[in-house]
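# Analysis of the macromolecular model
What follows is each chain in one-letter form.
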Amino acid sequence: MRFPLALTTKIAGYIIGHKLRGTKKFATVLQLEPLHTCNLTCTGCGRIREYSTSLKDMMSLEDCLGAAEECNAPMISICGGEPLIYPHIEALVNGLLAQKRIVYICTNAMFMRKKMREWLAKELSEGQNGKRNEIERKIDILLGKGLLSEKDAAEIRKGPKDPVKPTIAPNKWMYWNVHLDGSERTHDLIVEREGVFRECILAIKMAKVLGYQVATNTTVYKETDMHEVEQMFDYLADLGVDGHTITPGYDYDAAKKDMIKRLNLRPENFFLTREMTIEKFRKIDDWMNRYIFFGTPIYFEFLAGKRDLTCSAWAIPTRNIRGWKGPCYLMTDGHYSSYAELLEKTEWERYGVVNGVARDSRCENCMVHCGYEPTATLGLQSQRGDTWKNIKFNFGSKPKTRSNGSEIAVFNGVSCGNGHLTGKNAQAASAQAS
Ligand code: SF4
Ligand code: SF4
């Protein structure tokens, strides 16, 4: 099957339950932002600038778990900021899993290997003989593949620094969701730091050895070379990555302001208009049969310009330190004290694009999954044949990959000597040149 059966049936059961009860608006995915602090400054990320970046500004663990219970979404996407900086991340993940939710940790992967080393240390110190042998065997594999250093292995064998601190263990309901916008050169330019792509790949490889589930998320910009993205998916398929999300990047307010102010770049040279999105995603039908995408065929038809959908941002709400953010993940017109209040007080009919006309000018170029995917998932604008299409997609067999990942030169940036300056270094160099 394309997706694990338990996962598909859990989500389907939840949606059917609401439909039978006649609930008009409900949450399918919660975008939970425990903090907005990040160790990177990616181009195009408005998040880390829209909100305070102080580490003390964060949600309490109770608020995070309470938000999930309040909206009761079956899937929780822990984002931010960088969620692995959140001091209670382990307790949060374990708490959400105890609530029987599907958890995605959206990460730039820079601390992923550290978190997995902490899990190994705890397993090794607490496990019985058989378990300890198994962990030692995995440590040997990781050493052999260059995913751990001898120093790392020695640290793991010393046991956890804080024996009572929980860890993030492999779990069939949990995914690491690694941000990857292209191969090495492109990705490191977008995240404005060299070496990040390499670390992402090492973390993904380590996670697969240890039995974690791994997904990736990719944003497509104006300059994105879709052939390169396709090659990246081939490469990731060979690493055993379990699925991908892909979404168009558009010029929402916070990202646009940052681009002008900090980088002196013109947003129209970076973000996609609707026409450009449709052009970029015209091959998505073909990709759907080759890679495991988290999404529905209906949403992909929308991205490819084959059908129209309206926005249902209420189904993927965002909760952060200031409250429930409305109307959507990208735009901020207010923060509310509860999900019920967000639903009640937001004038949903003011947002989205209907029959090609933007109800709010800021929505004009938006086709992002957090607005439009739920319209497809919930069958809010269904056409004849959609149900069968969805069943075939969700319950169908796994796509066959090309198995040519090892031939692809994804390390085409600094690690192969094709260095380039990013972020502050690039700014300093251009200032020196002028
Ligand atoms: S996109 Fe993610 S990793 Fe990059 S700066 Fe924003 S929060 Fe951090
Ligand atoms: S179309 Fe929906 S998701 Fe997109 S910016 Fe507007 S309200 Fe937000």
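Remember, it's a predicted structure, so these values are computed and weren't measured experimentally. (Residues numbered from 1 in each chain as written. Chains lettered and ligands numbered in written order. Predicted model: local features only at pLDDT ≥ 70, side-chain atom pairs only at ≥ 80, totals over all residues.)

Assigned secondary structure in the protein consists of 18 helices and 11 strands. In terms of C-alpha radius of gyration, the protein reaches 21 Å, essentially the compact-globule figure of 22 Å for 434 residues. Its C-alpha atoms give the protein principal-axis dimensions of about 60 × 60 × 45 Å. Across the 434 residues of the protein, 43% fall into the buried class. Sequence separation of 24 or more characterises 78% of the internal contacts of the protein that already satisfy a separation of 6 or more. (Helix = DSSP H or I, 4+ residues; strand = E, 2+ residues; numbered from the N terminus. Rg over C-alpha atoms; globule rule 2.2 N^0.38 Å. Buried ≥ 20, exposed ≤ 12 C-beta atoms within 10 Å, placed from the backbone. Contact = placed C-beta atoms within 7 Å.)

In the vicinity of ligand 2, 14 residues are found, and the nearest of them are C311, C328, C363, C366 and G371. Taken together, the residues of the shell around ligand 2 sort by class into 11 nonpolar, 2 polar and 1 charged. (Near = placed C-beta within 6 Å. Nonpolar A, V, L, I, M, F, W, Y, C, P; charged D, E, K, R; others polar.)

Attention shifts here to the pairing of strand β6 (residues 243-248). A regular strand places its side chains on the two faces of the sheet in alternate fashion. Counting buried positions over the 6 residues of β6 gives 5, a clear majority of the element. One ladder, built from 6 bridges, connects strand β5 (residues 213-220) with β6; its direction is parallel. Each bridged residue has a counterpart across the sheet, and for A215 the counterpart in β6 is G243. Between the parallel pair β5 and β6, the chain is carried across by helix α10 (residues 226-238), and the sense of this crossover is right-handed. (Pairing = 2+ DSSP bridges. Right-handed = clockwise from strand over helix to strand, strands pointing away.)

Turning next to the pairing of strand β3 (residues 102-107). By the criterion of burial, β3 is predominantly enclosed, with 6 of the 6 residues buried. Residues I102, Y104 and C106 line one face of β3 and the alternating positions V103, I105 and T107 line the opposite face, and both faces are buried. With respect to chirality, the unit in which strand β2 (residues 75-78) leads through helix α4 (residues 89-98) into the neighbouring parallel β3 is right-handed. Strand direction decides the pairing type here: β3 and strand β4 (residues 174-179), joined by 5 bridges, are parallel. Each bridged residue has a counterpart across the sheet, and for V103 the counterpart in β4 is M174.

Across the sheet, 9 strands lie side by side as β6-β5-β4-β3-β2-β1-β7-β8-β9; this open sheet has mixed pairing. The open sheet has two edge strands, β6 and β9 (332-336), and neither has a second partner. Here the strands of the sheet are splayed against their neighbours by 25° on average, with no regard to which way each runs. Here strand β8 (residues 323-327) runs beside β9; their pairing, made up of 4 bridges, is antiparallel. Residue G326 lies in a different strand from β9, and its bridge partner there is G334. Against the sheet, α4 makes contact with β2, β3 and β4, and its axis sits at roughly 155° relative to β3, the strand it touches most. (Axes fitted to C-alpha atoms, helices over the stretch in contact; angles between N-to-C directions.)

This part takes up the site of ligand 1. In the vicinity of ligand 1 lie 13 residues, with C38, L40, C42, C45 and N108 positioned nearest. Residue composition of the shell around ligand 1, by class: 6 nonpolar, 5 polar and 2 charged.

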